[in-house]
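Analysis of the macromolecular model
Read off the chains here:
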Amino acid sequence: METGTAPQPDSTEPDRTKPDVPLGDYLTVRVSRGKGPENRYEEFQVPRRENQTVLDIVTWIQRNADPALSYRFACRVGVCGSCAMTVNGKPRWTCRTHVSKVIGKERSLTIEPLRNLPRIKDLAADMSAFFEKWQQAGGRFAGKTDRTGPLARIDPESPGRKAVDAGIECINCAVCYSACDVVTWDEDYLGPAALNRAWTLVNDERHAEKRETMKKVSAAGGCHSCHSHGSCVEHCPIGLNPTAGIAGLKRRSVLQTFRLSGEK
Amino acid sequence: MTEAALYAAQRVTAMILAPLVLIHLGLILYAVSDGLTADEILSRTRGNMAWAAFYGLFVLSAAVHAPLGLRNILREWLGLRGRMVDCVLVLFAALLAGLGLRAVLAVI
């Protein structure tokens, strides 16, 4: 299993010691617009700058071309997970996706809301189902003690803790959920992020409801629906490996079903 | 049965079927010399209990494996799910097992 790492900037990230200067040319940007299921594309000519993210592009359009453009963002530094959109057909965190990395030879940009989630308006997707599935997957931590109890002593080198460390940096951006074909095919499928969360919980020594969490991820639409395509791994901006966590859930679920595991 | 048990059943039968299919293909190449007919094959396999046991395991594994795969396809591609679909697939499994075991009985 891959180890979780801190957010990595794009490899083509420009030299920040240079001033962020306009390049003197313009980029043609197609933006998906509409409320709910309606969809139309509008083109904007956006000034190119040397140091420019996709979120910068969207923000420029909203502030200079069309104030009615709806989109979602908060931190702008890859922590909050709220600015994910579909950029040239792939789900990405727009605040840390540099334009130079994604425009290609055609020098064009098409920006759409995240796939697999209903659109609210323009680039803002309704994340309700995504977060509800975290709950359906038993993603709520249940402690074995209260705040007056002693601190749990966890060996950082234990296999369980290493498994938790590998999956715990998820920023809930829904990029994996958008990239997953099984989510598209099966509306009941919990999705990579929720299952990855469950995997970190069932490996957490402090979690008091491991059996309940395993029961929820082993039901219809749970871990056994995953086809191991690996799209979640391919697109996760943090570099997590939900497919490996889901494989761990499958293994544990089968062992528990046939009572081959001593885990509780 | 739970989803985990069904998942395990499909994987275990896939592991069983993988070598059996290769041997099955090899047998076809060996047994067929003048067209693919039941008489042609049975003339070389009848009375051999090892082949009967081989194909008995083959048929039972296929009867479990195929309906489970079909269940996933119906669920993901056509959105069909629920107890009615599962009941139809149990009948499909019984049909596969019945037809296959009938052929195995002819070997004995």
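Note that residues are indexed from 1 along each chain, following the sequence as it is written. Chain labels run from A onward and ligand labels from 1 onward, assigned in the order the entries are written. Restriction of local features to residues with pLDDT of at least 70 applies here, the model being predicted, together with a cutoff of 80 or more for giving and counting side-chain atom pairs; totals for whole chains, interfaces and linings are based on all residues. Each side-chain value is derived from all of the structure's non-hydrogen atoms; neither hydrogens nor water enter the calculation.

Quick word on the overall build of chain A
- Helix and strand definitions here come from DSSP, where helices need a minimum of 4 consecutive H or I residues and strands a minimum of 2 consecutive E residues; each element is numbered from the N-terminal end. Each helix and strand counted, chain A has 10 helices and 7 strands in total.
- Looking at chain A alone, contacts between residues at least 24 apart form 68% of all its contacts between residues at least 6 apart.
- When the accessible area of chain A is evaluated, it comes to approximately 13500 Å², of which 50% is carbon and sulfur surface. The contact rule is simple, with two residues in contact once any of their heavy atoms fall within 4.5 Å. What sets the accessible areas is the Shrake-Rupley method with a 1.4 Å probe; for residues, cover comes only from the shown protein chains.

Comments concerning unusual backbone geometry
All names here are of chain A.
- Its identity is not glycine, yet Arg76 carries a phi of approximately 70 degrees, on the positive side.
- Its place among the elements puts Arg76 in the loop between helix 1 (54-65) and strand 3 (84-87).
- Backbone geometry places Asn116, a non-glycine residue, at a positive phi of 70 degrees.
- Secondary-structure assignment places Asn116 in the loop between strand 5 (108-112) and strand 6 (119-121).
- Looking at Asn116, the relative accessible area reads 21%, which means it is partly exposed. The cut-offs for exposure are 20% and 50% of the maximum accessible area for each residue type, with area from a 1.4 Å probe on protein chains only; residues under the lower value are buried, those over the upper are exposed, and the others partly exposed.

Points about the interface of chain A and chain B
- Contact residues are listed per partner, giving 17 residues for chain A and 9 residues for chain B.
- By definition, a salt bridge exists where a carboxyl oxygen of Asp or Glu is found within 4 Å of a side-chain nitrogen of Lys or Arg. The tally of links from chain A across to chain B stands at 4 salt bridges.
- With a closest N to O distance of 2.6 Å, B:Arg81 and A:Asp188 form a salt bridge.
- Think of a polar contact as two N or O atoms within 3.5 Å of one another; within protein, one of them needs to be a possible hydrogen donor and the other a possible acceptor, and neighboring residues in sequence only count if both atoms come from side chains. Between the two partners, chain A and chain B, sit 4 residue pairs in polar contact (both at pLDDT 80 or more).
- Sorting the residues of the side of chain A that touches chain B by element identifies helix 6 (181-185) and helix 10 (242-257) of chain A as the ones contributing at least two each.

Some details on the UniProt feature "transmembrane region" (unreviewed entry) in chain B
- UniProt positions are given in the numbering used here, feature names are shortened, and annotations may be inferred rather than shown by experiment. This chain's UniProt record puts "transmembrane region" (unreviewed entry) on residues 12-32, 52-73 and 85-105 of chain B.
- With 100% helix and 0% strand, residues 52-73 of chain B has its two end C-alpha atoms placed 31 Å apart.

Some details on the environment of B:Val85
All names here are of chain B.
- Secondary-structure assignment places Val85 in helix 4 (residues 83-107).
- Sequence spacing of Val85 and Asp34 is 51 residues, and the spatial spacing of their C-alpha atoms is 42 Å.
- Residues in contact with Val85, not counting those within four places in the same chain, are Leu74 and Leu80.

Brief notes about the packing of aromatic side chains
Residue and element names in this part refer to chain A.
- Two rings from Phe, Tyr or Trp (for Trp, the six-membered ring) form a pair when their centres are within 6.5 Å of each other. A pair whose planes differ by under 30 degrees is stacked, one over 60 is edge-to-face, and the rest are tilted. Within the structure shown, the criterion is met by 10 aromatic pairs over all chains.
- Centre to centre, the rings of Tyr71 and Phe73 are 5.4 Å apart; their planes meet at 15 degrees, and the pair counts as stacked.
- Classification of Tyr71 as buried rests on a relative accessible area of 15%.
- Given a relative accessible area of 32%, Phe73 falls into the partly exposed group.
- Three or more aromatic residues joined by ring pairs form one cluster here, namely Phe130, Phe131, Trp134 and Tyr177.
- Cation placement over rings: the criterion is NZ of Lys or CZ of Arg within 6 Å of the ring centroid and within 35° of the ring normal. Note that Arg30 overlies the ring of Tyr41, its terminal NZ or CZ placed 4.3 Å from the centroid.

Observations concerning the packing of helix 7 (residues 192-202) of chain A against helix 8 (residues 210-217) of chain A
All names here are of chain A.
- Two elements in contact, helix 7 and helix 8, have axes whose closest approach is 9 Å; the angle formed by their N-to-C orientations is 155 degrees. Between helix 7 and helix 8, the crossing angle belongs to the class labelled roughly antiparallel. The hand of the helix 7/helix 8 crossing is left-handed. Touching Leu195, Ala198, Leu201 and Val202 of helix 7 are Lys210, Thr213, Met214 and Val217, all from helix 8.
- Its residues placed into classes, the contact of helix 7 with helix 8 shows 6 nonpolar, 1 polar and 1 charged. Lines fitted to C-alpha atoms define the axes here, with helix axes fitted over just the stretch in contact, and angles between the N-to-C directions of these axes take values from 0 to 180 degrees. The scheme is simple: roughly parallel for angles under 35 degrees, roughly antiparallel for over 145, roughly perpendicular for 65 to 115, oblique for anything else. Handedness of each helix crossing follows the sense of rotation of the near helix against the far helix: counterclockwise by less than a right angle gives left-handed, clockwise gives right-handed. Only Asp, Glu, Lys and Arg are considered charged in this grouping, and only Ala, Val, Leu, Ile, Met, Phe, Trp, Tyr, Cys and Pro are considered nonpolar; every other residue, Gly among them, is considered polar.

Examining the pairing of strand 4 (residues 90-93) of chain A
Residues and elements named next belong to chain A.
- Because side chains alternate across strand 4, one face comprises the buried residues Pro91 and Trp93, and the other comprises Lys90 and Arg92, none of which is buried.
- Summarising the sheet, strand 3 and strand 4 pair through 4 bridges and their orientation is antiparallel. Residue pairing across strands places Ala84 opposite Trp93, the latter belonging to strand 4.
- As consecutive antiparallel partners, strand 3 and strand 4 are separated by 2 residues, and within that stretch Asn88 has a phi angle of approximately 45 degrees, a positive value. By this definition, two strands are paired if DSSP reports at least two bridges between them.

Concerning a nonpolar patch on the surface
- Patch membership needs two things, relative accessible area over 30% and no salt bridge, and members are linked within 9 Å if like-charged or within 5 Å if nonpolar (Val, Leu, Ile, Met, Phe, Trp, Tyr). Taken together, B:Leu70, B:Ile73, B:Trp77, B:Leu78 and B:Leu80 make up a surface patch of nonpolar side chains, about 530 Å² in accessible area.
- For B:Leu80, a relative accessible area of 41% corresponds to the partly exposed category.

Regarding the nonpolar core
Residues and elements named next belong to chain A.
- By size, the foremost hydrophobic cluster in this structure holds 37 residues, and its most contacted members are Leu117, Phe130, Ala174, Tyr189, Leu195, Val217 and Leu249.
- Contributions of two or more residues to this core are made by helix 3 (128-136), helix 5 (175-179), helix 6, helix 7, helix 8 and helix 10.
- By residue number, the principal contributor to this core is helix 7, which donates 6 residues.
- Here this core spans two domains, since at least three of its residues come from each of domain 1 (22-125) and domain 2 (128-257).
- Dropping the residues within four chain positions of it, Ala174 is found in contact with Leu114, Leu117, Met127 and Phe130. What is meant by a nonpolar core is a set of buried Ala, Val, Leu, Ile, Met, Phe, Trp, Tyr and Cys residues, joined one to another through side-chain atoms within 4.5 Å. As used throughout, domain bounds are those supplied by an automatic or database domain assignment.

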